[in-house]
Amino acid sequence: MNLQEAYAHAGTTLFQGNKTRAQQERRLELVIDAMGDQDVQALNFAPLLEMLSDKAPGTVNKYLSVAKKLVDNTPQATVRRYPWKHPGPGRQRWLRKAERDLLLATLLEYPNKALGEAVWAFTKLSLSLGTRKSELLNINPETDIEKDPDDDDLYWITIRETKTGLQRTIAAGSGCYQLLTKCCPWEAEQTNSTNFGRSLYEVWVWAKRRADLPEAAGIVPHCLRHTHATVRLDAGDTLLDVQTALGHRSPASTARYAHIHDRRKAETAKRLESVL
């Protein structure tokens with residue numbers, strides 16, 4: 001049985017119930033394009049890796065993961081070793097303050113002024129709220145935001161469209177509230193773009209190059225969520241605080257987002273030395 005036949009045998013059940021099913025199926029279709037005629041018992045991943053040669057290690061692993069899921073679903077098919085990619089010794093996926101300030105300033109220079117301002121607002125909100133891209137784009141200010149009864153500068157946002165399927169509530173200041181009411185629902189009238197999700201990445205690529213931010217650092221919009229977690233932990237929040245805010249099921253997931261500064265580690269070492 002080749003990979004194409006295995007895919008046909010799996011039918012529509014392979015990613016059933018998965019919230020990212022459409023995305024997973026698109027990845028698997030690319031795997032089939034690259035390797036579909038190969039026997040599942042003797043897979044050669046070279047054609048797929050060549051096709052993905054310009055992708056980051058984490059992205060390559062996502063394609064390998066869907067291939068593994070298909071093989072695991074195929075009777076009597078086994079692959080002992082997958083060519084998983086490991087990130088190099090480069091930068092971690094969070095933005096230092098100087099990088100954040102430079103990126104935000106550069107976004108406001110984008111030739112399409114309305115679109116640049118919308119991406120700037122998205123970036124500010126992502127940094128402040130720690131939301132996933134899809135979560136932020138699906139916030140409805142009319143139904144999802146409530147003003148705190150005791151604090152005029154505090155608002156509570158219900159995040160309904162989550163990766164885990166579980167709603168959560170996060171706090172936001174008046175500045176975030178004003179940006180949300182101005183930009184949501186991120187449609188053409190607010191952003192001057194008919195597909196803001198796609199335009200977001202295009203503007204980021206333009207801004208990174210203009211600001212001369214290193215391509216190898218892997219700076220993408222999802223880094224804003226990593227940055228939010230890192231800044232909160234560096235400011236003294238507990239891992240549980242950040243886990244709750246990000247909506248992670250496991251603290252292990254949150255730990256991967258937390259890139260503690262060396263300064264914080266040094267302060268901890270000094271405290272321990274004083275009490276031990």
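Asks: Quick rundown of unusual backbone geometry? Include the residues and the values.
Replies: Here the amide bond leading from C184 into P185 is cis, since omega sits at 10 degrees, within 30 degrees of zero. Relative to the elements of secondary structure, P185 occurs in the loop between helix 9 (174-183) and helix 10 (188-191). Phi is positive for N192, close to 60 degrees, though the residue is something other than glycine. Tracing the backbone shows N192 in the loop between helix 10 and helix 11 (196-210).

Asks: Could you give an account of the confidence of the model for the protein chain, with specific residues and numbers?
Replies: On average, residues of the protein chain carry a pLDDT of 86, and 88% of them reach 70 or more. Element-level mean pLDDT values for the protein chain span from 65 in helix 15 (residues 262-275) up to 97 in strand 2 (residues 154-159).

Asks: Go over the state of the cysteines with me, naming the residues and quoting the values.
Replies: What is meant by a disulfide is a covalent connection between two cysteines, made through their sulfur atoms. Overall, the coordinates contain zero disulfides when judged by the stated rule. C184 takes part in no disulfide bond, and the closest cysteine sulfur, belonging to C183, lies 7.0 Å away.

Asks: Pulling in residues and values, what's your account of the environment of P83?
Replies: Relative to the helices and strands, P83 resides in the loop between helix 4 (57-72) and helix 5 (97-107). Looking at P83, the relative accessible area reads 25%, which means it is partly exposed. Contact partners of P83, with chain neighbours within four places excluded, come to F45, L49 and L64.

Asks: Can you explain the sheet that holds strand 3 (residues 168-173)? Please cite residues and give values.
Replies: Strand order in the open sheet formed by three strands is 1-2-3, and the pairing between neighbours is antiparallel. At either end of the open sheet lies a strand with only one pairing partner, and these are strand 1 (145-147) and strand 3. Between one strand and the next, the sheet's axes are offset by a mean angle of 30 degrees, whatever the strand orientation. Strand direction decides the pairing type here: strand 2 and strand 3, joined by six bridges, are antiparallel. Bridge pairing in strand 3 places I159 opposite R168.

Asks: I'd like a rundown of the pairing of strand 2, residues and numbers included.
Replies: Bridge count between strand 1 and strand 2: three bridges; the pairing is antiparallel. Bridge pairing in strand 2 places K147 opposite Y155. Where strand 1 hands over to strand 2, the hairpin turn is made up of six residues, counted between the paired strands.

Asks: Run through helix 11, naming residues and quoting values.
Replies: With 15 residues, helix 11 should cover 21 Å at 1.5 Å per step; its first-to-last C-alpha distance of 20 Å lies within 8% of that length. For helix 11, the complete set of buried residues consists of F196, G197, S199, L200, V203, W204, A207 and K208. As for helix 11, its buried residues are in contact with helix 5, helix 6 (113-129), helix 7 (133-137), helix 10 and helix 12 (223-234). Where helix 11 ends, the next residue or the one after it, D212, has phi of about 60 degrees, a positive value.

Asks: Can you explain the nonpolar core? Please cite residues and give values.
Replies: By size, the foremost hydrophobic cluster in this structure holds 36 residues, and its most contacted members are I157 and W186. The set of elements that each furnish at least two residues to this core consists of helix 5, helix 6, strand 2, strand 3, helix 9 and helix 11. Aside from chain neighbours lying at most four places away, what touches W186 is A118, A121, F122, L125, L136, L137, T191 and F196. Grouped together as the second largest cluster of nonpolar side chains are 24 residues, A10, L28, Y63 and A67 included.

Asks: How would you summarise the pattern of salt bridges if you had to cite specific residues and measurements?
Replies: In total, this model carries 10 salt bridges according to the counting rule given. Linking K68 and D72 is a salt bridge whose minimum nitrogen-to-oxygen distance equals 2.8 Å. Of this pair, K68 and D72 are both found in helix 4, four residues apart, which corresponds to roughly one turn of the helix. For K68, a relative accessible area of 31% translates into the label partly exposed.

Asks: With reference to specific residues and values, describe the packing of helix 5 against helix 6.
Replies: Here helix 5 crosses helix 6 at 155 degrees, and the two axes come no closer than 8 Å. Considering their axes alone, helix 5 and helix 6 lie roughly antiparallel with respect to each other. Here helix 5 contributes R100, L104 and L107 to the contact with helix 6, which in turn contributes G116, V119, W120, T123, K124 and L127.

Conventions and cut-offs
- Residues numbered from 1 in each chain as written.
- Predicted model: local features only at pLDDT ≥ 70, side-chain atom pairs only at ≥ 80, totals over all residues.
- Heavy atoms only, no water.
- Helix = DSSP H or I, 4+ residues; strand = E, 2+ residues; numbered from the N terminus.
- pLDDT = per-residue confidence, 0-100.
- Disulfide = S-S within 2.5 Å.
- Buried < 20%, exposed > 50% of the residue type's maximum accessible area, 1.4 Å probe, protein only.
- Contact = heavy atoms within 4.5 Å.
- Pairing = 2+ DSSP bridges.
- Axes fitted to C-alpha atoms, helices over the stretch in contact; angles between N-to-C directions.
- Expected span 1.5 Å × (residues − 1).
- Core = buried A, V, L, I, M, F, W, Y, C linked by side-chain atoms within 4.5 Å.
- Salt bridge = Lys/Arg side-chain N within 4 Å of Asp/Glu carboxyl O.
- Parallel < 35°, antiparallel > 145°, perpendicular 65-115°, else oblique.

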